[in-house]
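As a plain string of letters, each chain reads:
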Amino acid sequence: MARTALVISGGAPNSTLVAGALVAFHELGLRFDVVSTAGAGALLGLMYLAPKNGDPVKTLRELTDIGIADPLYEQFPVNYKVFNKPGVLADIYRRALAMNPLVEQIKRWPAHDPLSQWMKDGAELALACACPSDLNSSSKGLCAHVPFAGELIDFERIPEIKPAFYVNAYNLSRREMANWGKDKIDLLHLQAALSFPFIYPPTQIGDEFFIEGAVLDSLNFKDLLKNHPELEEIVVFDILGAEQLLRPPRDLYDAWVMSIITPLVEIARDDVKIFEDRYKKDICLHKVPLLDGISGQDLAEVFDWSRSNLAQMYEIGYKQAKEWATAHLAHLVEGGQNP
């Protein structure tokens, strides 16, 4: 019987904050019967439970490498590692690069100091700029789908992971939420779960089209409780529902980012309130306060994709989760399924 659940919500720019927290949970040996995810939380949850290299700590820690060297990011504040150009020609170009030994060396180039990070990320920027694209007014999204999921996750192992695992996506064709268990999740289903509107085109599975479920249910509470009404405790990383994330934009690009985040904050906050009103007598909701570790002056940088910010977010997530879980979740070491 499932008694404990971990909820990993959406929010890609916060990914290393949650990655650090998951590493802390892993090191503490916390066990959960169910892991329920939405949006970017699906990618993080699978990196945690089914990493391709078999090492969740290494996989989650290296997520900071998707950041951009600070001098480059200051001049060009877009993450070209995550947001790739779309189109058939772009796909052909990336496949050709994948077979180029020089490009492979660039990807594997250690970047442990500012100079090597600048050189490595500068080379990757040049390759990204050279990529062709057929983006036009008829395109369904700005970017190609997340390019590196297949390199990080062992999809064949997903059905064997011990906790029940869910990822949501919204079915545009049926106008209803889909919630896939670990027996259904493959690269295409994960792609659907990450298909944030306008950034990525809807993902087609069979005759139906899907977008990211976090757009409508960022915490994936609803089906979790329907599938497991016996739950006694739920642990959630309380990030998206925090009003501290709302602030005036710094520039046009930042205004676009804030236009995405603002409705998600409200959705997540409402979901938590509804949950607490309905279930607070029956279920204990643990909200891990990851944002409490971020100083007021650093809150404006939370959504930056710079290497320094992603590394800092990872360390904050790790420290906050380890201290808080040690004080509040020590009892979960003995119960549930070991992730």
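Treat the numbers as computed from the prediction; the structure is a model and nothing was measured.

## Some points on the overall build of the chain
Stage number 1. Across its full length, the chain carries 12 helices and 8 strands.
Stage number 2. Relative to its length of 339 residues, the chain is compact, with a C-alpha radius of gyration of 19 Å against a globular reference of 20 Å.
Stage number 3. By the burial criterion, 52% of the 339 residues in the chain qualify as buried.
Stage number 4. A sequence separation of at least 24 residues applies to 78% of the contacts in the chain between residues at least 6 apart.
Stage number 5. When the accessible surface of the chain is split by element, carbon and sulfur atoms take 56% of a total near 15,800 Å².
Stage number 6. Computed over 32 positive and 45 negative side-chain charges, the separation of the two mean positions in the chain equals 2 Å.

## Concerning the UniProt feature "domain: PNPLA" (unreviewed entry) in the chain
Stage number 1. The positions UniProt marks with the feature "domain: PNPLA" (unreviewed entry) are residues 6-224.
Stage number 2. Taken end to end, residues 6-224 has its terminal C-alpha atoms 10 Å apart, with 39% of it in helix and 13% in strand.

## A few points about the domain arrangement of the chain
Stage number 1. In terms of domain boundaries, the chain breaks down into domain 1 (4-65 + 152-332) and domain 2 (70-130).
Stage number 2. For domain 1 and domain 2, the distance between their C-alpha centroids amounts to 26 Å.
Stage number 3. Residue-level contacts link 10 residues of domain 1 with 12 residues of domain 2.
Stage number 4. Sorting the residues of domain 1 by area buried against domain 2 places Y253, W305 and R307 first, and these three jointly supply 61% of that buried surface.
Stage number 5. Between R307 and D121 there is a salt bridge; the shortest N-O distance is 2.8 Å.
Stage number 6. At the junction of domain 1 and domain 2, the tally comes to 4 residue pairs in polar contact (both at pLDDT 80 or more).

## Observations regarding the environment of I205
Stage number 1. Along the chain, I205 falls in strand 5 (residues 203-205).
Stage number 2. Assessed through its relative accessible area of 17%, I205 is described here as buried.
Stage number 3. Note: C-alpha distance between I205 and L49 (156 residues apart in sequence) is 24 Å.
Stage number 4. Not counting residues up to four positions away in its chain, the partners in contact with I205 are W180, L188, H189, A192 and F210.

## Brief notes about the pairing of strand 3 (residues 164-171)
Stage number 1. Burial within strand 3 is extensive, with 7 of its 8 residues counted as buried.
Stage number 2. Pairing of strand 2 (residues 34-37) with strand 3 involves 4 bridges; the strand directions are parallel. Looking at the pairing, T37 lines up with V167 of strand 3.
Stage number 3. Relative to strand 4 (residues 176-181), strand 3 is paired through 6 bridges, and the arrangement is antiparallel. By the bridge assignment, Y170 is partnered in strand 4 with M177.
Stage number 4. Here strand 3 folds back onto strand 4, and the loop between the two strands holds 4 residues, one of which, R175, carries a positive phi near 55°.
Stage number 5. When strand 3 meets strand 6 (residues 208-212), the two strands line up antiparallel, connected through 3 bridges. When the sheet's bridge partners are listed, N171 is paired in strand 6 with F210.

Parameters at a glance
- Along each chain, numbering runs from 1 in the same order as the chain's sequence is written.
- Since the coordinates come from a predicted model, pLDDT governs what is reported: local features require at least 70, and pairs of side-chain atoms require 80 or more to be given and counted, while whole-chain, interface and lining totals use all residues.
- Computation of side-chain values: all heavy atoms of the structure, hydrogens and water removed.
- Starting at the N terminus, helices and strands are each numbered in turn, a helix being any DSSP run of H or I of at least four residues and a strand any DSSP run of E of at least two.
- Atoms considered for the radius of gyration are the C-alpha atoms alone. The globule rule reads 2.2 Å times the number of residues to the power 0.38.
- Relative accessibility under 20% of the residue-type maximum defines a buried residue, over 50% an exposed one, and the middle range a partly exposed one, all with a 1.4 Å probe and only protein chains included.
- Note on contacts: a residue pair qualifies if any of its non-hydrogen atoms lie within 4.5 Å across the two residues.
- Each accessible area is a Shrake-Rupley result for a 1.4 Å probe, and residues are judged covered by the shown protein chains and nothing else.
- The charged-residue count follows a simple rule in which Lys and Arg add positive charge and Asp and Glu add negative charge, with His and chain termini not counted at all.
- Working definition for charges: the position is that of NZ of Lys, CZ of Arg, CG of Asp or CD of Glu.
- UniProt positions are given in the numbering used here, feature names are shortened, and annotations may be inferred rather than shown by experiment.
- The domain boundaries here were taken from an automatic or database domain assignment.
- By buried area we mean how much accessible surface two parts lose on assembly, using a 1.4 Å probe and totalling the loss over both.
- The rule for a salt bridge is simple: a side-chain nitrogen of Lys or Arg has to be within 4 Å of a carboxyl oxygen of Asp or Glu.
- Pairs of N or O atoms are called polar contacts if they sit within 3.5 Å, as long as, within protein, a hydrogen donor faces a hydrogen acceptor (for residues adjacent in sequence, only side-chain-to-side-chain pairs).
- For two strands to be treated as a pair, DSSP must find at least two bridges joining them.

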